[in-house]
Amino acid sequence: MTKLGMQINGKMVVTETEPRTHLADFLREQQFLTGTHIGCEHGVCGACTLLIDGVPARSCITYAVACDGAQITTIEGLRDDPVIADLREAFSANHALQCGYCTPAMLISCRDILTRLPDADEPRIRLELSGNLCRCTGYVGIVAAVKEVQKKRKAAGARPILFRDRLGPVGAHAPAAGQGERTVRKSPPAGKAPAPPPKEIVGAEQWRAVETDGVELLQSFRVPYPRAQVWKFFGDLEQVARCMPGARLTKPALDGRAEGEVNVKLGPIVSAFAGVVEVVRDADRFSGTVRGAGRDAKSGSNARAVIVYRLQDLQEASTQVDISVKFLLTGALAQFGRAGLVKDVADHLTQVFAANLEASLSGKQISESAGATLNAASVARAALWKRIRAFFARWI
Ligand code: FES
Ligand code: FES
């Protein structure tokens, strides 16, 4: 169980939940707020839409623990909201609901359109509502209701509420007491360099959270070089970073510590985790522990990883490299921390890293240059195709 604290409908809640619990399940089953409905559980139908830090978000694909320190508003928390009150009336008048299953989320999305885009025309309203599916009423009544409230608000001189000054839903607010690190999330102004990485690597409590809640992956590979040579290579952080797709050091490494950046593309999202790594090596055991913490300033997501590697001497002057990675992703990008996707990306990274390590040790050119962005989505797609091909190959 993981401790977490968040404001739900204006009330501070400090409690515990399983790290795998989605926000929708957490709210419905632990907080008894059943106004948030669940449809597809895949982020497609929009039935679970609520507000995280004032921004509509899918609660079925957001882990509750990733919302530590956030403000959650469900439909229950909007009971006295004037825009929702107008929408309720307009929905009834325009027959904009039938079974009502999609309605709580639909109201939240309509409110978002009305407050953010007061001049939206019908095509824009339909476009904005395209993330909320209604299976029985159709959309004519819903669009008519939005237009009716829009007209009313214009006549009353209502001004747009521009709360979207940051990207991503989670974690812009101060943490609950003792509940992990939290950063104020602001996108850097256009044309300005992203915020510098934290000077200090995160504290003991955050590393404990990686141990208890992190996803663990084990990888192994062999290289045809003696252990002493591979050990020496692992001692040079700059060389190691050069072999890792998406990674680059932003400052020279000093005393086992370096500042760097990892660039990952996830579908349309390009994130740059700027951070710090620290390495402690045990020469007697030919093993090392790497702790890395980084933050993507655009989405406000944090990543922490503890990597332990061990080199085993094999016959014929070759070495087996065993790597264990424990990592924790929090913030808007946490939804991409699903074990399947991460495992595929980790398999790919290990293969590329092993090939680059071998090339480096033999003095050859490495295949993926330093600083190149890692396209995690295409890696995961390629892995999926490989599995599908293997499945059919077995049958044929
Ligand atoms: S239940 Fe979340 S999008 Fe469908
Ligand atoms: S009113 Fe039934 S799904 Fe929308």
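Residues numbered from 1 in each chain as written. Chains lettered and ligands numbered in written order. Predicted model: local features only at pLDDT ≥ 70, side-chain atom pairs only at ≥ 80, totals over all residues.

## Quick look at the pairing of strand 12 (residues 318-330)
Judged from the nine bridges that link them, strand 6 (residues 215-223) and strand 12 form a sheet pairing that is antiparallel. Its bridge partner being in strand 12, Arg222 is matched across the sheet by Gln320. In this sheet, strand 12 lies alongside strand 11 (residues 301-314) in antiparallel orientation, the contact comprising 13 bridges. Along strand 12, the bridge assignment pairs Tyr309 with Ile323. (Pairing = 2+ DSSP bridges. Helix = DSSP H or I, 4+ residues; strand = E, 2+ residues; numbered from the N terminus.)

## A short note on the packing of helix 2 (residues 82-93) against helix 3 (residues 103-116)
Close contact between helix 2 and helix 3 brings their axes to 10 Å; oriented N to C, the two are set at 115 degrees. The crossing of helix 2 and helix 3 is right-handed. In contact with Val83, Ile84 and Leu87 of helix 2, helix 3 contributes Leu107, Cys110, Arg111, Leu114 and Thr115. Of the residues that constitute the contact of helix 2 with helix 3, the class distribution is six nonpolar, one polar and one charged. (Axes fitted to C-alpha atoms, helices over the stretch in contact; angles between N-to-C directions. Left-handed = near helix turned anticlockwise from the far one by under 90°. Contact = placed C-beta atoms within 7 Å. Nonpolar A, V, L, I, M, F, W, Y, C, P; charged D, E, K, R; others polar.)

## Re helix 5 (residues 140-155)
Taking 1.5 Å as the rise per residue, helix 5 with 16 residues should run 22 Å; its terminal C-alpha atoms sit 23 Å apart, in good agreement. Here helix 5 has its buried residues at Ile142, Ala145, Val146, Val149 and Gln150. Axial view of helix 5: buried residues confined to an arc of 135 degrees, hence all on one face. Summarising the geometry of helix 5, the exposed residues directed more than 90 degrees from the buried face are Val140, Lys151, Lys154 and Ala155. The positive-phi residue at the C-terminal boundary of helix 5 is Gly157, with phi of around 75 degrees. (Expected span 1.5 Å × (residues − 1). Buried ≥ 20, exposed ≤ 12 C-beta atoms within 10 Å, placed from the backbone. Arc of directions from axis to C-beta.)

## A few points about unusual backbone geometry
Phi at Asp53 is positive, roughly 50 degrees, even though this residue is not glycine. Considering the arrangement of structural elements, one finds Asp53 in the loop between strand 3 (49-52) and strand 4 (55-58). Unusually for a residue other than glycine, Phe286 sits at a positive phi of about 50 degrees. Here Phe286 is to be found in the loop between strand 9 (269-282) and strand 10 (287-296). Given 19 C-beta atoms within 10 Å, Phe286 falls into the partly exposed group.

## Focus: the sheet that holds strand 3
In spatial order, the strands read 2-1-5-3-4; together these five strands make up an open sheet with mixed pairing. Every other strand in the sheet has two partners, leaving strand 2 (11-17) and strand 4 as the edge strands with one partner each. The mean inter-strand angle of the sheet, taken between neighbouring strand axes irrespective of direction, is 40 degrees. Two strands pair when backbone bridges link them, and strand 3 and strand 5 (residues 71-73) are joined in this way by two bridges, in the antiparallel orientation. What sits directly across from Leu51, in strand 5, is Thr73. Across the face of the sheet, helix 3 comes into contact with strand 3 and strand 4 while running at roughly 50 degrees to strand 3.

## Looking at the pairing of strand 10
Across the ten residues that make up strand 10, a large majority, eight, are buried. In terms of strand pairing, strand 10 meets strand 11 through ten bridges, oriented antiparallel. The residue bridging Gly292 from the neighbouring strand is Ala305, located in strand 11. Linking strand 10 back to strand 11 in an antiparallel pair, the connection comprises four residues, with Gly300 at a positive phi of about 70 degrees.

## Brief notes about the environment of Ala93
With respect to the helices and strands, the residue Ala93 is situated in helix 2. With 55 residues separating them along the chain, Ala93 and Glu148 place their C-alpha atoms 9.9 Å apart.

## A short note on the confidence of the model for the protein
The share of residues in the protein with pLDDT of 70 or more is 76%, and the mean pLDDT across the chain is 79. In this model, residues 164-199 is a region of pLDDT below 50 whose contacts with residues beyond four sequence positions or in other chains number 87 contacts. (pLDDT = per-residue confidence, 0-100.)

## Focus: the nonpolar core
With 46 residues, the main nonpolar core has Cys67, Leu87, Ala145 and Val146 as its most contacted residues. Looking at this core element by element, the count peaks at seven residues for helix 3. The contact partners of Leu87, leaving out residues within four places of it in the chain, are Leu107, Cys110, Arg111, Ala145 and Val149. With 28 residues, the next largest nonpolar core counts Ala258, Ala303, Val325 and Leu349 among its residues. (Core = buried A, V, L, I, M, F, W, Y, C linked by C-beta atoms within 7 Å.)

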